[in-house]
Amino acid sequence: MNILMVDGLCKQYPTFRLQDVSFSMQPGTIMGFIGRNGAGKTTTLKSILHLVHPDGGKIEIFGMDMDTHEREIREKIGFVSGGIFCYPRKRLHTLTAVTRRFYPGWDDARYRQLLSRFSLDEHKRVCELSEGMKVKYQLAVAMSHGAQLLILDEPTSGLDPVSRNELLELFMTLAEQDGVSILFSTHITSDLDACADAVTYIRDGKIVESCEKAAFTGKWLLISGEEKQLTQALCAHLTGVSCHKGRFEGLLRAENRALAAGMVCAPASLEAVMVHLEREATA
């Protein structure tokens, strides 16, 4: 059974339209949700969380319809956001005391365990925490009420490389050892290169592709060389070509590798694929 299923999601705004957005997630996996600013990521996440009411489509979480089982579903999902936190002067234990009232299944022993695991001091105020520790606190709360699906919105935004790496390892541990599913929306695609199992790519309110990460990046090679090597035959097969200082770079489908003989040819990262596909789409 899919842990999350979004089918035909639509939402119309005066200047933007979410069109027939469909994708699904398997249990215990990390799915990266990528796209440019304004592509529809936030509207989709808000729809999943029932903060926005779509004009059409269906959302199922744990096999249940969000419209009819919202309270039951909310007890098993957690939302974690980087860079934004309410009540900065409140101490963690005060926030926790309020939050736990909303969850009948709250596990205080689990909460205490997570505080120790994440080195969190619940007597500190929110404003005294680093950005990484704020994310860890949100994770501790989510895991203490038994969240099986975490929705992460830019959780590593503004973190230094070491803190980001610590969080990515934590996300992978939660997925691998605790069986938690994670929908991870971010602009830092290198984070997804490190931890994601699958990718959903949205552009202008439409899903471009949703599949395993290896399938998404594996079909492409990143090709670079001198501009004089850009033959007509090669150009016809390149995607998102850019030229600077007498050199070019572009994506080439792996099956056409022979066309790039004598040029620099490397596996394409998630960032490279997204950048060149966006360049091609706006050319």
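Use the structure listed above.
In this report, we go over the structure that sits alongside the text. (Residues numbered from 1 in each chain as written. Predicted model: local features only at pLDDT ≥ 70, side-chain atom pairs only at ≥ 80, totals over all residues. Heavy atoms only, no water.)

1. Let's talk about unusual backbone geometry
For clarity, the cut-off: The numbering of helices and of strands both runs from the N terminus, where a helix is a DSSP run of H or I of at least 4 residues and a strand a run of E of at least 2.
The residue Ser119 is not glycine, and still its phi comes out positive at about 55°. Relative to the elements of secondary structure, Ser119 occurs in the loop between α4 (108-117) and α5 (131-144). You will see that Lys245, though not glycine, has its phi angle at about 50°, which is positive. Relative to the assigned elements, Lys245 resides in the loop between β12 (238-244) and β13 (247-253).

2. Thoughts on the sheet that holds strand β2 (residues 17-25)
Which entries qualify depends on this criterion: At least two DSSP bridges between two strands are required for those strands to pair.
Taking strand neighbours across the sheet as the criterion, the 4 strands line up as β2-β1-β4-β5 in an open arrangement whose pairing is antiparallel. Because the sheet does not close on itself, it has two edges, and the strands there are β2 and β5 (64-65). In this structure, strand β1 (residues 4-12) lies alongside strand β4 (residues 56-61), joined through 5 bridges in antiparallel fashion. Across the sheet, Asp7 pairs through a bridge with Lys58, a residue of β4.

3. So, helix α1 (residues 41-48)
Where we set the bar: Each residue is placed in one exposure class: buried if its accessible area under a 1.4 Å probe, protein chains only, is under 20% of its type's maximum, exposed if it is over 50%, and partly exposed if it falls in between.
Of all 8 residues in α1, 6 are buried; the element is thus mostly enclosed. When we look at burial in α1, the residues that qualify are Lys41, Thr43, Thr44, Leu45, Ser47 and Ile48. Residue His50 follows α1 closely and has a positive phi angle near 65°.

4. Comments concerning the packing of α5 against helix α6 (residues 161-178)
Going by this rule: To get an axis, a line is fitted to the C-alpha atoms, and for a helix only the part in contact is used. The angle between two axes follows their N-to-C directions and goes from 0 to 180 degrees. Throughout this description, any angle smaller than 35 degrees is read as roughly parallel, any larger than 145 degrees as roughly antiparallel, any in the 65 to 115 degree range as roughly perpendicular, and the remainder as oblique. Each crossing gets its handedness from the near helix: less than a right angle anticlockwise from the far helix is left-handed, clockwise is right-handed. The contact definition used throughout considers only heavy atoms, calling two residues in contact when any of these lie within 4.5 Å. The residue classification treats Ala, Val, Leu, Ile, Met, Phe, Trp, Tyr, Cys and Pro as nonpolar and Asp, Glu, Lys and Arg as charged. All others, Gly included, are polar.
Remark: α5 packs on α6, axes separated minimally by 11 Å, with the N-to-C direction vectors making an angle of 15°. Comparing their axes, α6 and α5 come out roughly parallel. You can see that α5 and α6 cross each other, and the crossing is right-handed. Counted together, Gly132, Val135, Lys136, Leu139 and Met143 of α5 and Glu166, Leu167, Leu170, Phe171, Leu174 and Asp178 of α6 form the full contact between these two elements. For the contact of α5 with α6, a count of residues per class yields 7 nonpolar, 1 polar and 3 charged.

In short, geometric facts, not functional conclusions.
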